[in-house]
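# Structural description and commentary
The chain contents come next:
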Amino acid sequence: MAKDKGPVNGPSDEELEPVAAEESAAAEASADSEAAASAEGIEEDELTVQDILDAATREVAEPTSEHLADLKRVTAEYANYRKRTEANREIERERVTVDVVKGMIPVLDDLDRAEKHGDLVADSAFSTIAAKLRTSVERLGVKPFGTVGEPFDPTVHEAIFQMPTPDVTVDTVGEVVETGYFLGSTLLRVAKVVVQVPSDG
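Residues numbered from 1 in each chain as written. Predicted model: local features only at pLDDT ≥ 70, side-chain atom pairs only at ≥ 80, totals over all residues. Heavy atoms only, no water.

As annotated in an unreviewed UniProt entry, the protein carries the name Protein GrpE and comes from Cryobacterium algoricola. Recorded in UniProt under Subunit (unreviewed entry), the annotation for the protein is "Homodimer." Regarding the protein, the relevant UniProt record gives this comment under Subcellular location (unreviewed entry): "Cytoplasm". (UniProt positions renumbered as here; feature names shortened; annotations may be inferred.)

The following block contains the structure:
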């Protein structure tokens, strides 16, 4: 008759409980990860163009301090750019005007000579054209200068001759040979003049 060998040696129920608990916890963690990934996928799938626009609108309505600083910087840079552009445009406009007017100065000199010689008869066609030309040049900002009797100024007058005169106490313009011209504050040409200087006798 065979003998009963008794119970086979193996892990008891008490030893199996911690293993089962660990396996259960791992399974739950895995399930939570899958659920989170699934939820994230759903959120990404549900993100629409409108959501993006709404986020941008909220950013505009309540901008962060960093974005405000960027906006101020860009605004300042644009303002400086506009100022530089306007200044450059004004410089270029004046340069072009100077070039045009310098080409017309010899014509104005001819008109002055014609007037001195009596060729610009009042109400004549030539006189009318001369008046229109001078008016057009003045509209560009050109101002003639150099008149008899004004004090001599070496910065704007060129003395081509000195004439001792007992009637003057300071150097004075006695005759204007060529009219000088300013364009705004720019000196286009000095006036060529005969200077009356004080004389002792």
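Quick look at the overall build of the protein now. The helix and strand tally for the protein stands at 4 helices and 6 strands. When the helices and strands of the protein are listed from N to C terminus, the series reads α-α-α-α-β-β-β-β-β-β. Of all intrachain contacts in the protein linking residues separated by at least 6 positions in sequence, the fraction that spans at least 24 positions is 63%. (Helix = DSSP H or I, 4+ residues; strand = E, 2+ residues; numbered from the N terminus. Contact = heavy atoms within 4.5 Å.)

Attention now goes to the environment of P144. Note that P144 resides in strand β1 (residues 142–145). Considering only alpha carbons, one finds P144 and L183, 39 residues apart in sequence, at a separation of 8.9 Å.

Within a sheet, each strand pairs with its neighbour through backbone hydrogen bonds, oriented either parallel or antiparallel. Spatially, β1-β4-β5 is the arrangement adopted by the 3 strands of the open sheet, whose pairing is antiparallel. Of all strands in the sheet, those bounded by a partner on one side alone are β1 and β5 (186–189). Strand-to-strand twist of the sheet, defined as the mean angle between neighbouring strand axes without regard to direction, takes the value 30 degrees. Across 3 bridges, strand β4 (residues 180–183) lies against β5 in antiparallel orientation. Each bridged residue has a counterpart across the sheet, and for Y181 the counterpart in β5 is R189. (Pairing = 2+ DSSP bridges. Axes fitted to C-alpha atoms, helices over the stretch in contact; angles between N-to-C directions.)

With that settled, consider helix α3 (residues 65–116). Here α3 contains 52 residues, and its C-alpha end-to-end distance of 73 Å stays within 8% of the 76 Å for a straight helix at 1.5 Å per residue. In α3, a bend of some 35 degrees at I105 exceeds every other bend along the element, and P106, a proline, comes one to four places later. Within α3, the full set of buried residues consists of T97, V98, V101, I105, L108, D109, L111, D112 and A114. Looking at the buried positions of α3, the neighbouring elements they touch are α4 (125–139), β1, β3 (172–178), β4 and β5. Where α3 terminates, the next one or two residues include G118, which has phi positive at roughly 85 degrees. (Expected span 1.5 Å × (residues − 1). Bend = angle between axes of the 7 residues up to and from the residue. Buried < 20%, exposed > 50% of the residue type's maximum accessible area, 1.4 Å probe, protein only.)

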